[in-house]
Amino acid sequence: MKTKTGTFGVDTQASNSLVANLLKYPEISSTLIEQYPRYALTYLLEKTGRHANVKIAGDKSFEWKVLGRQSQPLVVSPSFAGTGTGAGTATALTVPFTNNYLALNDLIIDAAGNVGQVTAVDGATGDVTRPSNTKVVDSSDAGYNYVVNFSSGNLAIVGGSVFGKIGSAFGEGSLGADVSEHTAYPDTYKNWLTINRNKMSINGSALTDVTWIENNGSKLWYFTAEKLFTDEFMYQLELQRWFGRTNMVDTDADDYPGHSTDPLAVKGNLRGDGILAQIEGTITSSYDPEAGLTEDQLARFIAELSRNAKSPEGNEWVVFTGTEGRYQFHKAMKDISVGATAATGGTMQSMKSGSDVALGVNFVSYYVLGNKMTVAYCPVFDDVNAHGVGAEAAGDGSGGTMSGKMVFLDFSSVDGVPNIQLVAKGSDGLNRNYIKKYIPGMVNPYDQKSMLAANGDDSFTCQIMSESGIIVRNPLSCGVLKATHTGS
């Protein structure tokens, strides 16, 4: 796509104006996003058609389910004051766990490899079924009590110890009533749409300057003042989709967001979480930009992420970063180059006598452990005006920016559903992801002879809005690699 400036004249007809064609062909709005490839997140999601098909609730919220691992860690209640030690089949210990995931005859294992079998639930022996798991609540303990026999090893159980379930063991002729039922349920995630709006009044003197867009042989025009205004809106939308935080915070004890006492939220001025808020608390690591990012650090980080991805291999991460992060990635890839590229960072080309010599190579993607990562430049991480000097203090880069931060987003799909998608309000052909409207005053940009005006201002108004949000379906497969200065 090419853009160039021009002046309003005989070539600028209503039929080839951008606004007229947006009305006839709404899909142009997605192509229009391609003018802003520097706004990496919005561009990639629009370009790849990652629009989520989810139901928007009346409060402009949307939910999605994520099924993690079908097993759970078994944690001894932290308030457990007693200890149990011993070995052999005669060792029967009553252990309180924080959940009721176990049942009769289940096998558990501790970090040392000691294996035990549940012989009773809640202290009772014999045929005890799962529904009898009642929570023990008293002044000294809280949890679900299980009697466990350990067949070998020396054992010491204290509050906070972690066990894992490894199956079950039954004798011959066991009854169906003895067999427990275990069902894994997905976690529910919730986010809210955010309405972004902006407007600009364009007076008559600005009508002489237009910008032409050329794509696939077609040329459309719109006013240069409108283009600059649209640039700013798209940049702010990108910032919101990265750094937005919801004001629908949890105010109840149910750990479920949506009961906000924020005065703006109560009035209906809702905000949703952006990317960084949704992946907060997931896998995070750091590197020293002065020492330099290494290929081993990248491989180790991908290995960590792949444990929570759809499968250990075949995944694709898009790594969004600033200039410092791109430089560090280039150095890491250059260090593992072999042959001539090890010394020069690239190969020589055009060696014909009298010609220029080209050296170097652009590293874009990295393949490791059966997975792929691709680096995408994210200019909002380089924006000192957006982040201020506090970003450097937080170890996110240098020069008061987040330039060295590398955000690994899992762009894989599970059962045909992309992990990261845009969500927009709309139905029956109405899409509120990107809406642009014109309000004519004494100046009507596309019909100068019109006798009708919406107001008496010597200008016309252009307004843009977007009611949209972001889904990160599996935040656990995403992570952040920070640039942290450890030297003096």
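Residues numbered from 1 in each chain as written. Predicted model: local features only at pLDDT ≥ 70, side-chain atom pairs only at ≥ 80, totals over all residues. Heavy atoms only, no water.

Asker: Could you give an account of the confidence of the model for the chain, naming the residues involved and the relevant values?
Answerer: On average, the chain scores 75 in pLDDT, and the residues at 70 or more come to 65%. The secondary-structure element of the chain with the lowest mean pLDDT is strand β9 (residues 136–137), recorded at 40, while strand β21 (residues 406–410) shows the highest, at 94. Note that pLDDT drops below 50 for residues 339–348; the model gives that stretch 16 contacts with residues more than four away or on any other chain. Long-range and interchain partners of residues 389–395, a stretch whose pLDDT sits below 50, account for 15 contacts in this model, where long-range means more than four residues apart. (pLDDT = per-residue confidence, 0-100. Helix = DSSP H or I, 4+ residues; strand = E, 2+ residues; numbered from the N terminus. Contact = heavy atoms within 4.5 Å.)

Asker: How would you sum up the sheet that holds strand β17 (residues 283–287)? Please name residues and give values.
Answerer: What the six strands build is an open sheet, ordered β17-β27-β21-β18-β20-β19; its pairing is mixed. The open sheet has two edge strands with one neighbour each: β17 and β19 (365–368). For this sheet the average axis-to-axis angle between neighbouring strands, irrespective of direction, equals 20°. Where β21 meets strand β27 (residues 479–483), three bridges bridge the pair, whose relative direction is antiparallel. Note on β27: the bridge partner recorded for F408 is G479. Where helix α7 (residues 295–306) meets the sheet, it contacts β17, β18 (316–321), β19, β20 (371–377), β21 and β27, and its direction lies at approximately 175° from that of β17. Across the sheet, helix α8 (residues 323–335) touches β17, β18, β19, β20 and β21, and the angle it forms with β20 is around 140°. (Pairing = 2+ DSSP bridges. Axes fitted to C-alpha atoms, helices over the stretch in contact; angles between N-to-C directions.)

Asker: Residue-level account of the packing of aromatic side chains, with values.
Answerer: Aromatic ring pairs: the centre-centre distance and the angle between the two ring planes describe each pair. The tally for this structure, following the rule as stated, stands at nine aromatic pairs. When the ring of W242 is compared with that of F320, the centres are 5.2 Å apart and the planes differ by 70°; the resulting orientation is edge-to-face. Taken together, the residues span a long stretch of sequence, with W242 in helix α4 (residues 224–243) and F320 in strand β18 at a distance of 78 residues. Across the pair, F320 and W242 agree in class, each one buried. Joined through ring pairs, the aromatic side chains of W242, F243, F320, F381 and F411 make up one cluster. The ring of Y101 is capped by K165, whose NZ or CZ atom sits 5.6 Å from the centre of that ring. (Phe/Tyr/Trp six-rings, centres within 6.5 Å; stacked < 30°, edge-to-face > 60°. Buried < 20%, exposed > 50% of the residue type's maximum accessible area, 1.4 Å probe, protein only. Lys NZ or Arg CZ within 6 Å of the ring centre and 35° of its normal.)

Asker: How would you summarise α8 if you had to cite specific residues and measurements?
Answerer: If you check α8, its first and last C-alpha atoms are 19 Å apart, about what 13 residues at 1.5 Å a residue would give, namely 18 Å. Of all the positions in α8, only G325, Q328, F329, A332 and M333 are classed as buried. Taken down its axis, α8 places every buried residue within 135° of arc, on the same side. (Expected span 1.5 Å × (residues − 1). Arc of directions from axis to C-beta.)

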